Amino acid sequence: FFSSRRRHTRLLTVTGVQTCALPIYTDGRKRTDHPKLSFNGESLGHWEGQVLVVETAALLPEGEFIHGVRTGPASADMRIVERFYLADKDKLRVDTTMYSDVAFTKPYTRTMNYRRVPFPVAEEICTQNNRDLDAGGNQIFNTTPPPLKN
């Protein structure tokens, strides 16, 4: 993740899902009373010592992927709490707990570990040949092989 403003009031995470940038606001704002539901929701973060704590809500109920991880159906009541911290100098750990009385029978928790890589992270776009877009630019799932080149 990285800071996008000089005063560090917003962080962006870049996921491997459609190279999606997810804003995390860290300027102390409160969640809006009636947030617009979206695929990635509304993420607000704060620091607890060396740990970045991010709470996400306002997720679209029809989503099945939450922050790039297949979870099964989401719900409008879903709340996700992520805790980002360095486990050691080369390992970022993210502890995630998802809460929803509709989607889960109990909170779902997982831990992901990310190793520092000794090379730049390259752009990876699976839609470069636009085979998964229809004529209107809408995303579709296309399993037909590309035409053979003569």
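Let me begin by describing the structure that accompanies this report.

Calculation rules
- Residues numbered from 1 in each chain as written.
- Predicted model: local features only at pLDDT ≥ 70, side-chain atom pairs only at ≥ 80, totals over all residues.
- Heavy atoms only, no water.
- Helix = DSSP H or I, 4+ residues; strand = E, 2+ residues; numbered from the N terminus.
- Buried < 20%, exposed > 50% of the residue type's maximum accessible area, 1.4 Å probe, protein only.
- Contact = heavy atoms within 4.5 Å.
- Areas by Shrake-Rupley, 256 points an atom, 1.4 Å probe, with all protein chains shown as cover.
- Pairing = 2+ DSSP bridges.
- Phe/Tyr/Trp six-rings, centres within 6.5 Å; stacked < 30°, edge-to-face > 60°.
- Lys NZ or Arg CZ within 6 Å of the ring centre and 35° of its normal.
- Salt bridge = Lys/Arg side-chain N within 4 Å of Asp/Glu carboxyl O.

### Details of the overall build of the protein
Across its full length, the protein carries 0 helices and 10 strands. When its helices and strands are written in sequence order, the protein yields β-β-β-β-β-β-β-β-β-β. Relative to its full complement of 150 residues, the protein shows a buried share of 29%. Sequence-distant contacts, at least 24 apart, represent 27% of the contacts inside the protein between residues at least 6 apart. Of the roughly 10,800 Å² that the protein leaves accessible, carbon and sulfur atoms contribute 54%.

### Re unusual backbone geometry
Phi is positive for Ala 58, which is not a glycine, with a value near 65 degrees. Among the secondary structure elements, Ala 58 is positioned in the loop between strand 5 (51–57) and strand 6 (65–66).

### What to know about the environment of Gly 45
Mapping Gly 45 onto the fold places it in strand 4 (residues 42–48). With relative accessibility at 10%, the residue Gly 45 sits in the buried group. Remark: the alpha-carbon pair of Gly 45 and Thr 56, spanning 11 residues in sequence, is separated by 8.7 Å. Contact partners of Gly 45, with chain neighbours within four places excluded, come to Ile 24, Tyr 25, Thr 26, Val 53 and Val 54.

### Examining the pairing of strand 8 (residues 79–88)
For strand 5 and strand 8, the ladder comprises 5 bridges, and the chain directions are antiparallel. Within the sheet, the bridge partner assigned to Val 53 lies in strand 8 and is Arg 83. Relative to strand 9 (residues 91–99), strand 8 is paired through 9 bridges, and the arrangement is antiparallel. Each residue of the ladder has a partner; that of Asp 88, found in strand 9, is Lys 91. Counted between consecutive antiparallel strands, the loop separating strand 8 from strand 9 contains 2 residues.

### Details of the pairing of strand 9
Across 8 bridges, the pairing between strand 9 and strand 10 (residues 108–115) is antiparallel. Residue pairing across strands places Leu 92 opposite Tyr 114, the latter belonging to strand 10.

### Looking at the packing of aromatic side chains
Applying the stated criterion to the full structure yields 1 aromatic pair. Aromatic pair Phe 104 and Tyr 108: ring centres 5.9 Å apart, planes at 25 degrees, arrangement stacked. According to the relative accessible area criterion, Phe 104 is buried, its value standing at 15%. The lysine or arginine in question, Arg 29, covers the ring of Tyr 25, its NZ or CZ lying 4.0 Å from the ring centre. The cationic tip of Arg 79 hangs over the ring face of Tyr 99; the distance from NZ or CZ to the ring centre is 4.3 Å.

### Focus: the pattern of salt bridges
Going through the model one piece at a time under the given rule, you end up with 6 salt bridges. One salt bridge connects Glu 42 with Arg 31, and the closest N-O pair in it is separated by 3.0 Å. In this pair, Glu 42 sits in strand 4 while Arg 31 sits in the loop between strand 3 (21–25) and strand 4, placing the two residues 11 residues apart along the sequence. According to the relative accessible area criterion, Glu 42 is buried, its value standing at 18%. Between Arg 83 and Glu 48 there is a salt bridge whose closest N-O contact spans 3.2 Å. Linking Arg 83 in strand 8 with Glu 48 in strand 4, this pair joins segments that are 35 residues apart in sequence. Assessed through its relative accessible area of 30%, Arg 83 is described here as partly exposed. Three or more residues joined by partner-sharing salt bridges are found here, namely Lys 89, Asp 90 and Arg 116.

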